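# Architecture at a glance
Here are the chains, one letter per residue:
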Amino acid sequence: MKKLFISMLAVAALASCSQEDVIVADKGELIGFNSFVENSTRAAADPSLNASNLKSFNVWGTVNGGNGLVAIYDGDPVTGTVGASNIWTCNVKQYWIKDATYNFAALVNATTDLTKVEGLPTEVKGFTADGATDLLYARSEANIKGKASGNGPVNLNFEHLLSKVKFTVVNNSVDAEEYSFEVNSIVIKGKKTGDVALSSKEWSNTSNEFPYEVDPITVNADEDAGTDTAECAKELLLIPGDFNITFNVDIYNGTTKLGSQAYPIAPAVYNQTLKAGYAYNFVINVKVGEEITFSVTEQPTWNEDVNGDNKVDANDNIKLQ
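Let me sum up the structure you'll find in this document.

What counts and what doesn't
Residues numbered from 1 in each chain as written. Predicted model: local features only at pLDDT ≥ 70, side-chain atom pairs only at ≥ 80, totals over all residues. Heavy atoms only, no water. Core = buried A, V, L, I, M, F, W, Y, C linked by side-chain atoms within 4.5 Å. Buried < 20%, exposed > 50% of the residue type's maximum accessible area, 1.4 Å probe, protein only. Phe/Tyr/Trp six-rings, centres within 6.5 Å; stacked < 30°, edge-to-face > 60°. Lys NZ or Arg CZ within 6 Å of the ring centre and 35° of its normal. Helix = DSSP H or I, 4+ residues; strand = E, 2+ residues; numbered from the N terminus. Pairing = 2+ DSSP bridges. Axes fitted to C-alpha atoms, helices over the stretch in contact; angles between N-to-C directions. Salt bridge = Lys/Arg side-chain N within 4 Å of Asp/Glu carboxyl O. Contact = heavy atoms within 4.5 Å.

### As for the nonpolar core
The biggest cluster of nonpolar side chains holds 45 residues, and the ones touching the most others in it are Phe 167, Ile 188 and Phe 247. Within the second largest apolar cluster, 24 residues are counted, among which are Ile 72, Val 82, Trp 88 and Tyr 102.

Shown next as structure tokens:
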């Protein structure tokens, strides 16, 4: 139990979103939106956005038809349902122009200040992580050429700008069914606010030393299953960067608490650098010690020196007549 095992799982890019834009004078095809998100199996307590709950994003878009750059979308909301053939709608309708050059970008939950270059967001500033709000970004293919007809949807493959964290407790006490463990006072301390450059997903100006607390996790031993595993009630979405972890383990026999140990045990430290777009599972392995056993190395004997003369002879016999 003195060692915290950490495994890191890469998360696939979330969504692809199709957009088609046409503007001005002679109207061509309407710019539509189509969104697709990988629909993998996820835990019920996963707060991140996926195919089942991504319902809207904000879009920025520009066009250059030969007379300079023009912004046609400026954070306008787009809504829809994820699916390869589903068309999403925007409250601002734009149209494709033949031979004009288009660029698009999209964000989800970027409610703070933005830095924009040539009409598209390049940095989200002052984002505050509450542990439950995802932050997504997508950029279209650069310099899409409009066609008179047959314009396909604009693909926007969304990426996570945050890191996802969960805790798992594994009880490796196969036979000790009467024993259980509660891992509590789980704290992961690190970043709270910061700025993120969208093209590189690099964070800067981040604040440190904010404690994100995780609800206690209890595991019992299951002799039939071999191990018993329990996860935290909800996962956390955090700003990437350096974090440290502390927790406490209580051991019970039935309802009786036998002992408690805080981790890490000095001088050990549990540090982890989180990267944008990655999901981390911090696994805490717990186990009772060796079973208490007993031995008898000598057989029990009788003392036949009844008269106490330090020797056993006929004088120790008791004569009744």
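Moving on, there is more to tell.
### Regarding the packing of aromatic side chains
All told, the structure shown has 12 aromatic pairs when counted by the stated rule. Site record: aromatic cluster; members linked through ring pairs are Tyr 73, Trp 96, Tyr 102 and Phe 104. Positioned over the ring face of Phe 210 is Lys 192, at 4.1 Å from the centre of the ring. The ring of Tyr 278 is capped by Lys 275, whose NZ or CZ atom sits 4.4 Å from the centre of that ring.

### Quick word on unusual backbone geometry
The omega torsion across Tyr 263 and Pro 264 is 0°, close enough to zero to call that bond cis. Within the secondary structure layout, Pro 264 lies in the loop between strand E22 (256-263) and strand E23 (271-274). With an omega of 10°, the peptide bond running from Ala 266 to Pro 267 counts as cis. Among the secondary structure elements, Pro 267 is positioned in the loop between E22 and E23. One non-glycine residue, Ser 185, lies in the positive phi region at around 50°. Here Ser 185 is to be found in strand E14 (residues 179-190). For Ser 185, a relative accessible area of 51% gives the class exposed.

### Focus on the pairing of strand E10 (residues 136-139)
Bridge count between strand E7 (residues 101-108) and E10: four bridges; the pairing is antiparallel. Its bridge partner being in E10, Val 108 is matched across the sheet by Leu 136. Two elements, E10 and strand E12 (residues 159-160), share two bridges in a ladder whose sense is antiparallel. Along E12, the bridge assignment pairs Leu 136 with His 160.

### Overview of the sheet that holds strand E16 (residues 202-204)
Pairing is antiparallel in the open sheet, where four strands are placed in the order E8-E9-E15-E16. The strands lining the two open edges of the sheet, one partner per strand, are strand E8 (113-117) and E16. Taken over all neighbouring pairs, the strand axes of this sheet differ in orientation by 25° on average, direction set aside. Bridging between strand E15 (residues 193-197) and E16 involves three bridges; their strand directions are antiparallel. Opposite Val 196, over in E16, you have Trp 203 as the bridge partner.

### Description of the pattern of salt bridges
Applying the stated criterion across every chain, the model contains 10 salt bridges. The residue Lys 311 makes a salt bridge to Asp 313 at a minimum N-O spacing of 3.8 Å. Residue Lys 311 is classed as partly exposed on the basis of its relative accessible area, which comes to 47%. Connected via shared salt-bridge partners are Asp 46, Lys 164 and Glu 235.

### Considerations on the pairing of E8
As defined by bridge partners, E8 adjoins strand E9 (residues 120-128) across five bridges and the pair is classed as antiparallel. Bridge pairing in E9 places Val 117 opposite Leu 120. Between E8 and E9, which pair antiparallel and follow one another directly, the connecting turn spans two residues, one of which, Glu 118, has a positive phi of 50°.

### Concerning the environment of Val 108
Structurally, Val 108 is set in strand E7. Taking relative accessible area as the criterion, Val 108 reaches 6% and is therefore assigned buried. Through-space distance from the C-alpha of Val 108 to that of Leu 54 is 9.0 Å; in sequence the pair is 54 residues apart. For Val 108, the contacting residues outside a window of four places in its chain are Leu 49, Leu 54, Ser 56, Phe 57, Asp 134, Leu 135, Leu 136 and Phe 158.

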